[in-house]
Amino acid sequence: MAEITIYNSLKCRLETIDFEFTDKNTTWFDDDENDQDIYMITDVFGGLLIREYGYNYPVWFDGISRDTIRYSKHKAFSLKAGYTKSS
């Protein structure tokens, strides 16, 4: 179990959660070029957690899964970028 701080996009606030990242619930990407590249996507608490390589907090989106975005790093990036522009 790891305790991490995430940004909950549904509640628009930071939260601390306890969660275990495994191969069954997480897809990692290792082809980074900059800090905004997607490092991992994780199915957690009925939503999707998207984490970048940099120091930004991972962002959690309700009602979306890795399967919904077809395990795509590019779709995760678009989802996160779209949210960032609208906030």
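Structure: above.
Residues numbered from 1 in each chain as written. Predicted model: local features only at pLDDT ≥ 70, side-chain atom pairs only at ≥ 80, totals over all residues. Heavy atoms only, no water.

**Re the packing of aromatic side chains**
- Inspection of the entire model under this criterion finds 3 aromatic pairs.
- Their ring planes at 75° and their centres at 5.2 Å tell us that Phe19 and Phe21 sit as a pair that is edge-to-face.
- For Phe19, a relative accessible area of 12% gives the class buried.
- Look at Phe21 and you get partly exposed, because its relative accessible area is 22%.
- Put simply, the rings of Phe19, Phe21 and Phe45 touch in pairs and so form one group of aromatic residues. (Phe/Tyr/Trp six-rings, centres within 6.5 Å; stacked < 30°, edge-to-face > 60°. Buried < 20%, exposed > 50% of the residue type's maximum accessible area, 1.4 Å probe, protein only.)

**Notes on the side chain of Ser72**
- Assignment of secondary structure puts Ser72 in the loop between β6 (59-62) and α1 (73-86).
- Residue classification places Ser72 among the buried positions, given a relative accessible area of 16%.
- Only 3.2 Å separates the side chain of Ser72 from the backbone nitrogen of His74, close enough to count as a polar contact.
- With sequence-adjacent residues up to four places away left out, Ser72 is seen in contact with Phe29 and Ile41. (Helix = DSSP H or I, 4+ residues; strand = E, 2+ residues; numbered from the N terminus. Polar contact = N/O pair within 3.5 Å; in protein donor to acceptor, adjacent residues only side chain to side chain. Contact = heavy atoms within 4.5 Å.)

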